[in-house]
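# Survey of secondary and tertiary structure
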Amino acid sequence: MSVTLHVCITCRAGQTPAEGELAPGARLHAALVEAGVPDDVNLVPVACLSACSQGCSVALSAPGRWSYVYGGLSADNAADVIAGASAYAAAPDGIVPWRSRPEIFRKQSLARIPPLPVVPEAAE
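As recorded by an unreviewed UniProt entry, the protein chain carries the name DUF1636 domain-containing protein and is attributed to Bradyrhizobium brasilense.

If you want it as structure tokens, here you go:
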């Protein structure tokens, strides 16, 4: 089962981009696309994760797993975000042991959300 890595492409990280310049969140998304995410990670750009005061943010989720929101990120963190997403994809319940997480995921977690119950009708 693949996991979803949502990236807030509207995050401005407290900056005001110049005319025609990508917002920091869009630059993070572009860096992730360029670096390449693993096959079991679905990279999805989103308009807002409502973590505006926390810099660039991403969220990891999958059915039946804990979900996480991380903030304070930038395009420079693309390799660590990919490493964290890979570790999350390998964790059946979404809980990656603390020491196995990239440092940015240890220090910049904004939220941890319990798994939502799977509704049998929705799975069909």
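### What to know about the overall build of the protein chain
The secondary structure content of the protein chain amounts to four helices and five strands. Secondary structure elements of the protein chain, listed N to C terminal, follow the sequence β-α-β-β-β-α-α-β-α. Relative to a compact globule of 124 residues, whose C-alpha radius of gyration would be 14 Å, the protein chain shows 14 Å and is just as compact. Along the longest, intermediate and shortest principal axes, the C-alpha atoms of the protein chain span 50 × 35 × 25 Å. Burial status across the protein chain gives 38% buried among its 124 residues. Long-range contacts, defined here as pairs at least 24 residues apart, represent 65% of the contacts in the protein chain between residues at least 6 apart. In the form shown here, the protein chain has an accessible surface area of approximately 7000 Å², with 54% of it arising from carbon and sulfur atoms. Taking the average location of the 8 positive side-chain charges in the protein chain and that of its 11 negative ones, the two points are 12 Å from each other.

### Description of the state of the cysteines
Scanning all chains against the criterion turns up zero disulfides. Looking at the unpaired C48, the closest cysteine sulfur is the one in C52, lying at 4.1 Å.

### A few points about the sheet that holds strand β2 (residues 41-46)
Adjacent strands of a sheet pair through backbone hydrogen bonds, lying either parallel or antiparallel. Across the sheet, which stays open at both edges, the five strands sit in the order β2-β1-β3-β4-β5 with mixed pairing between neighbours. Pairing within the sheet leaves two strands with one partner each, and these edge strands are β2 and β5 (109-113). In this sheet, neighbouring strand axes are inclined to one another by 15 degrees on average, regardless of whether the strands run parallel or antiparallel. Bridge count between strand β3 (residues 56-61) and strand β4 (residues 67-73): four bridges; the pairing is antiparallel. The residue bridging C56 from the neighbouring strand is L73, located in β4.

### Observations regarding the pattern of salt bridges
Taken as a whole and assessed by the stated rule, the structure comprises one salt bridge. Taking the shortest distance from any N to any O, the salt bridge between K107 and E103 comes out at 3.0 Å. A residue pair is termed a helical-turn pair when its members lie 3 or 4 positions apart in one helix, as K107 and E103 do in helix α3 (residues 103-107) at four residues. Relative accessible area serves as the criterion here: at 62%, K107 is assigned to the exposed category.

### Some remarks on the environment of S86
With respect to the helices and strands, the residue S86 is situated in helix α2 (residues 78-90). Here S86 falls in the partly exposed class, since its relative accessible area comes to 29%. Considering only alpha carbons, one finds S86 and V41, 45 residues apart in sequence, at a separation of 7.4 Å.

Cut-offs applied
Residues numbered from 1 in each chain as written. Predicted model: local features only at pLDDT ≥ 70, side-chain atom pairs only at ≥ 80, totals over all residues. Heavy atoms only, no water. Helix = DSSP H or I, 4+ residues; strand = E, 2+ residues; numbered from the N terminus. Rg over C-alpha atoms; globule rule 2.2 N^0.38 Å. Buried < 20%, exposed > 50% of the residue type's maximum accessible area, 1.4 Å probe, protein only. Contact = heavy atoms within 4.5 Å. Areas by Shrake-Rupley, 256 points an atom, 1.4 Å probe, with all protein chains shown as cover. Lys, Arg positive; Asp, Glu negative; His and termini not counted. Charge placed at Lys NZ, Arg CZ, Asp CG, Glu CD. Disulfide = S-S within 2.5 Å. Pairing = 2+ DSSP bridges. Axes fitted to C-alpha atoms, helices over the stretch in contact; angles between N-to-C directions. Salt bridge = Lys/Arg side-chain N within 4 Å of Asp/Glu carboxyl O.

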